[in-house]
Amino acid sequence: MSDITKQSLTELVENIKDKKLSSTEVTKAFIDRSEKSKELNAYITEDFTSALDKAKKFDQKPNLDLKLPGIPMAVKDLFCTKDVKTTAGSKILNNFVPTYESTVTDNIWREGAILIGKLNCDEFAMGSSNETSFFGNVQNPIDKDLVPGGSSGGSASAVAGQLTPITIGTDTGGSIRQPASFTGTVGLKPTYGSCSRYGIVAFASSLDQAGPMAQNVKDCALLQEVISTYDPKDSTSIDFKRNQYSKELTNNIKGKKIGIPKEYRVDGMPKEIEDLWQKGIQYVKDCGAETIDISLPHTSYALPTYYIVAPAEASSNLARYDGVKYGFRAKGENLIDMYEKTRSEGFGAEVQRRIMIGTYVLSSGYYDAYYLKAQKVRKLIKNDFDEAYKKVDAILTPSTPSSAFKIGEKTNDPVSMYLNDIFTVPVNLAGLPGISIPAGHDSKGYPLGLQIIGKAFDEQNILNIAFAMEEKINFKNKISNWWIK
Amino acid sequence: MSIDLKTIKHISKLSRISVDEKKAKKLAGDLNSIFDFIEKLNELKTDNVEPLTSVAETTLKLRPDEVKSKNIREQIIKNSPQDNEDYFVVPKVIE
């Protein structure tokens, strides 16, 4: 069968179940394409030989009742994978080989999927362009020298470029939804507590969530169904009734009330984004839903709040990298000197910057002025959503304030880089689920995304809305294969 | 507000990241522009607002205090940059 890599996850699963394709054929096809796609720099670690062995083993005794039977999959290099190097995009973990598996990836392998490699990301998931990775930039399959977004940039590039049928990323302030938007793919950030954080390299523990990145909404729903489980190993994992998201998926959203928040019409937002948003409003109306103007008054305070809360938690989480128990160690004259040199040489500039911000806002004399203040504003931001959800079932916004930008365009100005996450950050602060779906192209032909934000634990509803909109939008990603010689 | 070089040196000490003069100057510039942006929060009055520490509205579950991972010494030590069989080795701390 030709064009295996062009098939969606759902098609591949069906074809394997119908014995029209073997796991070996599918795995080989994605490995071959990955081999030809080195220029994208989507992988940090390839695990091709071992993947082919596993595929052959699967084919000898295929269990076709599984949800992901023999499906090859590359994952973001922030998930600990037993006996496979896990770097978090950092020099400091360059040689780290976990002795245990993250719960989310464990769930995926249990359903029959096969690891083919670990995907590039911003260092410790801190970045919006994948340019902070120790392992170099990732190219966007849409166009040469275009960032794929971040921090799950390798994941987005690998799905859009058809190097993997589907993948998982992590999202602390937009790291799944923004790269999905930049690459014309679908990305879901689940409700906080939906997917276990056990075995994910920690960035900001009160915000981090794992989620699927896919070619379409149905694939996304299927993977969400696999990765979302209650896990006693994560103290913030929540025991709630999870849906069979892909089976229960419906495009019937008649009578749903969709909120349109006026505060997301930010200063300087390009007309193309506003037009896209208006088109989105028309699409949901065409599907029989009703739109209602709402207000989320504290929206403009979300980014400043995030840039206190996230670095504060990061500075504390990253204290563990001291050159003693694992990872890179620099030579020092004494213990303290060794710590300081290890962290200075082992962390990149953005990570050091954020550790410094976090240390400062938590330090004696500044804690109340910054950290406590931010936690209070975070409460106001969450209250905004609680108030809105008394009137609406979901909220529709643009995913990002612009399309993908050029590599190097924003690296010298941290604040302008941070502004990329203006529409995604509030969702993390409030712990809500949000999904980005491709909804159109700008004048340069680059994809643009729309975001649907749901109530806590209401993933099924936003997946349904996304599914209904996807049918109306009929988006076609423009991938020219420019990187394949 | 303004973060001076002295403050940068202090934070660098607290966070155990060594910085030279050049790096300190760059960091001071970056942090000042970031904090200018953060200062926006002062527009809001928050005296009577409860801080939000976790969005997961759940009380932590209790479990029996049992050992579940036994005999994993090798696994724990496996990734250490320097070890001596059962111990992590660090530069000498006692003269």
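Residues numbered from 1 in each chain as written. Chains lettered and ligands numbered in written order. Predicted model: local features only at pLDDT ≥ 70, side-chain atom pairs only at ≥ 80, totals over all residues.

Attention now moves to the overall build of chain A. Helix and strand counts for chain A come out as 15 helices and 11 strands. At 21 Å, chain A has a C-alpha radius of gyration in line with the 23 Å of a compact globule built from 485 residues. Looking at chain A as a whole, 61% of its 485 residues are labelled buried. A fraction of 76% describes how many contacts in chain A between residues 6 or more apart in sequence connect residues 24 or more apart. (Helix = DSSP H or I, 4+ residues; strand = E, 2+ residues; numbered from the N terminus. Rg over C-alpha atoms; globule rule 2.2 N^0.38 Å. Buried ≥ 20, exposed ≤ 12 C-beta atoms within 10 Å, placed from the backbone. Contact = placed C-beta atoms within 7 Å.)

All names here are of chain A. Spanning 15 residues, helix α15 (residues 459-473) covers 20 Å between terminal C-alpha atoms, matching the ideal 21 Å at 1.5 Å per step. Where α15 is concerned, the buried positions are Glu459, Ile462, Leu463, Asn464, Ile465, Ala466, Phe467, Ala468, Met469 and Glu470. In the core, the buried residues of α15 are packed alongside α7 (217-227), α8 (271-286), β9 (394-398), β10 (434-441) and β11 (447-454). Immediately downstream of α15, the backbone of Asn474 shows phi near 50°, a positive value. (Expected span 1.5 Å × (residues − 1).)

With that out of the way, let us pick up the sheet that holds strand β2 (residues 72-76) of chain A. All names here are of chain A. A sheet is described by the order of its strands in space; here three strands give the open sequence β1-β3-β2, paired in mixed fashion. With partners counted over all chains shown, the strands left at the sheet margins are β1 (43-46) and β2, one partner each. Strand after strand, the sheet turns through a mean of 35° between neighbouring axes, direction not considered. Of the strand pairs in this sheet, β2 and strand β3 (residues 114-119) are connected by five bridges, and their pairing is parallel. Paired with Val75 across the strands is Lys118, a residue of β3. (Pairing = 2+ DSSP bridges. Axes fitted to C-alpha atoms, helices over the stretch in contact; angles between N-to-C directions.)

Our focus in this paragraph is the interface of chain B and chain A. One widely used convention gives an interface's size as the accessible area the parts lose upon coming together. Contact with chain B, which involves 37 residues of that partner, is made by 52 residues of chain A. Elements with a minimum of two residues in the side of chain B that touches chain A: α1 (5-14) and α2 (21-38) of chain B. Ranked by residues supplied to the side of chain B that touches chain A, first place goes to α2(B) with seven residues. Its residues assigned to classes, the side of chain B that touches chain A comprises 21 nonpolar, 10 polar and six charged. (Nonpolar A, V, L, I, M, F, W, Y, C, P; charged D, E, K, R; others polar.)

With 12 residues, helix α10 (residues 335-346) of chain A should reach 16 Å at 1.5 Å per residue; the first-to-last C-alpha distance of 16 Å fits that figure. Within the span of α10(A), buried status applies to Met338(A), Tyr339(A), Glu340(A), Thr342(A), Arg343(A) and Gly346(A).

Turning our attention to the sheet that holds strand β8 (residues 290-294) of chain A. Residues and elements named next belong to chain A. A sheet is described by the order of its strands in space; here eight strands give the open sequence β4-β6-β5-β10-β11-β9-β7-β8, paired in mixed fashion. Across the chains shown, the open sheet's two edge strands, defined by having one partner strand only, are β4 (167-171) and β8. Strand-to-strand, the axes of this sheet are offset by a mean angle of 30°, without reference to chain direction. For strand β5 (residues 186-189) and β10, the ladder comprises three bridges, and the chain directions are antiparallel. Along β10, the bridge assignment pairs Leu188 with Ile435. In the packing of α7 onto the sheet, contacts are made with β4, β5, β6 (209-214) and β10, and the angle to β6 comes to roughly 150°.

Moving on to the domain arrangement of chain A. All names here are of chain A. Each assigned domain of chain A is listed here: domain 1 (4-259 + 391-473) and domain 2 (300-364). Computed over C-alpha atoms only, the centres of domain 1 and domain 2 are separated by 26 Å. When residues of the side of domain 1 that touches domain 2 are traced back to their parent elements, those giving at least two are α13 (414-418) and α14 (425-429). When residues of the side of domain 1 that touches domain 2 are assigned to their parent elements, the largest contribution, three residues, is made by α14. For the side of domain 1 that touches domain 2, the residue count by class is 16 nonpolar, eight polar and three charged. (Domains from an automatic or database assignment.)

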